[in-house]
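Below, each chain spelled out in residue letters.
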Amino acid sequence: MITISVTARRGIAAASLTAAAAMVAACGSSGSSPTAPQPSASSSTSGPAPGGASGTGTPNAGASGGAPASGATPTSPGGTRVDACSTSALSVTVASTAGGGAAGSTYVPIDFTNSSGRACSMYGYPGVSFVTARGDSQIGAAAARNSGFSSVSVTLAAHASAHAWLQVAEAGNYPATTCHMVTATWLRVFPPANTVPAYVSHTFSACSSSKANLLTVMPVRSGAGVQGQVP
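What comes next is a walk through the structure.

**Some points on the environment of phenylalanine 112**
Note that phenylalanine 112 resides in strand 3 (residues 105–114). As a C-alpha pair, phenylalanine 112 and cysteine 85 span 27 residues in sequence and 9.6 Å in three-dimensional space.

Quick look at the structure:
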């Protein structure tokens, strides 16, 4: 049997208390919460890209046309939504006196006048083709779009106008076997975002063959067409 003196027992107890205190201090130090990482100076928050007109409008039936891109609906200065101009709200004319010529082509503006009592909007390309008469058969190919010009949203106040330039190539520049020249006395015009056409009486030399594309149309711009101001 091992006997421990009173003095020795007191020394062991003191040592045990000192060790326990050291362990408590160590645990308290290792349990402290770490400092949260700070954002990097080079990080950034990106929001959604701003919406805009894309120019990829819905084609009109039988011809080129356009419609406002999603999110591009214009508003009036008061913040009121402005709907697309319907064919029934527009007076469509060909301003031949404001036209001009270039090598092998004639340029004429097609004017769209808002004949309704409230504002409406236009965006993109009209669809244009020669026809034999109102509501009758198409002659040759429909107008191609001139993609060198961007589409912009145009708001027409009541009785205000917009225009789109139409380039008409000389039918006589095409071989007779390719063109099959005829005289066209009507244009069929689909305003942008419409499938109901307007008809304009005007005389052109045309090609009845769709292989000869005489017509090229540009997107609408504000105001009536002015001679020498092709966009």
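**Here we look at the state of the cysteines**
Summed over the entire model, instances satisfying the criterion amount to two disulfides. Between the sulfur atoms of cysteine 85 and its disulfide partner cysteine 120 the distance amounts to 2.0 Å. Measuring the twist about the S-S bond at about 90 degrees, one finds the cysteine 85-cysteine 120 disulfide to be right-handed. Residue cysteine 85 is located in the loop between helix 1 (6–30) and strand 1 (90–94), and its partner cysteine 120 is located in strand 4 (residues 120–123); the two are separated by 35 residues in the primary sequence. Linked covalently through their sulfurs, cysteine 179 and cysteine 207 form a disulfide whose S-S length is 2.0 Å. On the sign convention where negative means left-handed, the S-S torsion of about -95 degrees between cysteine 179 and cysteine 207 marks this disulfide as left-handed.

**What about unusual backbone geometry?**
Its identity is not glycine, yet histidine 159 carries a phi of approximately 75 degrees, on the positive side. The residue histidine 159 is located in the loop between strand 8 (153–156) and strand 9 (161–169) in this model. Within the chain, histidine 180 stands out as a residue other than glycine whose phi angle is a positive 55 degrees. Residue histidine 180 is classed as partly exposed on the basis of its relative accessible area of 44%.

Criteria and thresholds
What you see as residue numbers is a count from 1 along each chain, following the sequence as written. Where local features are concerned, this predicted model is filtered to residues with pLDDT of at least 70; where side-chain atom pairs are given and counted, the filter is 80 or more; whole-chain, interface and lining totals use all residues. Calculated side-chain values reflect all of the structure's heavy atoms, with hydrogen atoms and water omitted. Going along the chain from the N terminus, every DSSP run of H or I of four or more residues is numbered as a helix, and every run of E of two or more is numbered as a strand. Pairs of cysteine sulfur atoms within 2.5 Å are identified as disulfides in what follows. Accessible area is worked out with a 1.4 Å probe on protein chains only. A residue is then buried under 20% of its type maximum, exposed over 50%, and partly exposed in between.

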